[in-house]
Amino acid sequence: MLKIRMKRDAEQNAGAMKRLTQIETSIIELGNEDLLDLADIFREKSEAAITQYAFAEMARRKISF
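Cut-offs and rules
- Residues numbered from 1 in each chain as written.
- Predicted model: local features only at pLDDT ≥ 70, side-chain atom pairs only at ≥ 80, totals over all residues.
- Heavy atoms only, no water.
- Salt bridge = Lys/Arg side-chain N within 4 Å of Asp/Glu carboxyl O.
- Buried < 20%, exposed > 50% of the residue type's maximum accessible area, 1.4 Å probe, protein only.
- Helix = DSSP H or I, 4+ residues; strand = E, 2+ residues; numbered from the N terminus.
- pLDDT = per-residue confidence, 0-100.
- Polar contact = N/O pair within 3.5 Å; in protein donor to acceptor, adjacent residues only side chain to side chain.
- Contact = heavy atoms within 4.5 Å.
- Core = buried A, V, L, I, M, F, W, Y, C linked by side-chain atoms within 4.5 Å.

### Re the pattern of salt bridges
Link 1 in the chain: In this structure the tally under the stated criterion is 3 salt bridges.
Link 2 in the chain: One salt bridge in this structure joins D40 and R43, with 3.1 Å as the shortest N-O distance.
Link 3 in the chain: Accessibility expressed as a relative area gives 37% for R43, which makes it partly exposed.
Link 4 in the chain: We note a salt bridge from R60 to E57, for which the minimum N-O separation is 2.6 Å. Placement of the pair is R60 and E57 together in helix 3 (residues 49–61), with a separation of 3 residues, close to one helical turn.
Link 5 in the chain: If you follow the salt bridges from partner to partner, you end up with E57, R60 and R61 in one network.

### Details of the confidence of the model for the chain
Link 1 in the chain: Residue-level pLDDT values for the chain average 94, and 100% of them are 70 or greater.
Link 2 in the chain: Helix 2 (residues 32–41) holds the highest mean pLDDT among the elements of the chain, 96, whereas helix 1 (residues 2–29) holds the lowest, 93.

### Details of the side chain of T51
Link 1 in the chain: Mapped onto the secondary structure, T51 falls in helix 3.
Link 2 in the chain: Among the polar contacts made by the side chain of T51, one reaches the main-chain carbonyl oxygen of F42 at a distance of 3.1 Å.
Link 3 in the chain: Leaving out residues up to four positions away in the same chain, T51 has contacts with F42, K45 and S46.

### Description of unusual backbone geometry
Link 1 in the chain: The backbone phi angle of K62 is positive, close to 60 degrees, even though this residue is not glycine.
Link 2 in the chain: In this fold, K62 is placed in the segment after helix 3.

### Details of the nonpolar core
Link 1 in the chain: Core analysis: the largest hydrophobic core is formed by 7 residues, namely I27, L35, L36, L38, A39, A54 and M58.
Link 2 in the chain: For this core, the elements supplying multiple residues, two or more each, are helix 2 and helix 3.
Link 3 in the chain: Broken down by element, this core gets its largest block of residues, 4 residues, from helix 2.

Here it is as structure tokens:
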């Protein structure tokens, strides 16, 4: 029973990591205007992962509002 649960948890974690990587890749692939729009939408939620990814990508590209 424990092995089955551990396997299921590992599969769920792997799936979550895959989705997170896909989200990060999608943000990186955005054009500058779309990236700025995304960052603006989530600006008030600075603790959100998507906000942190967007602002990190903006810093990497050396762009700002």
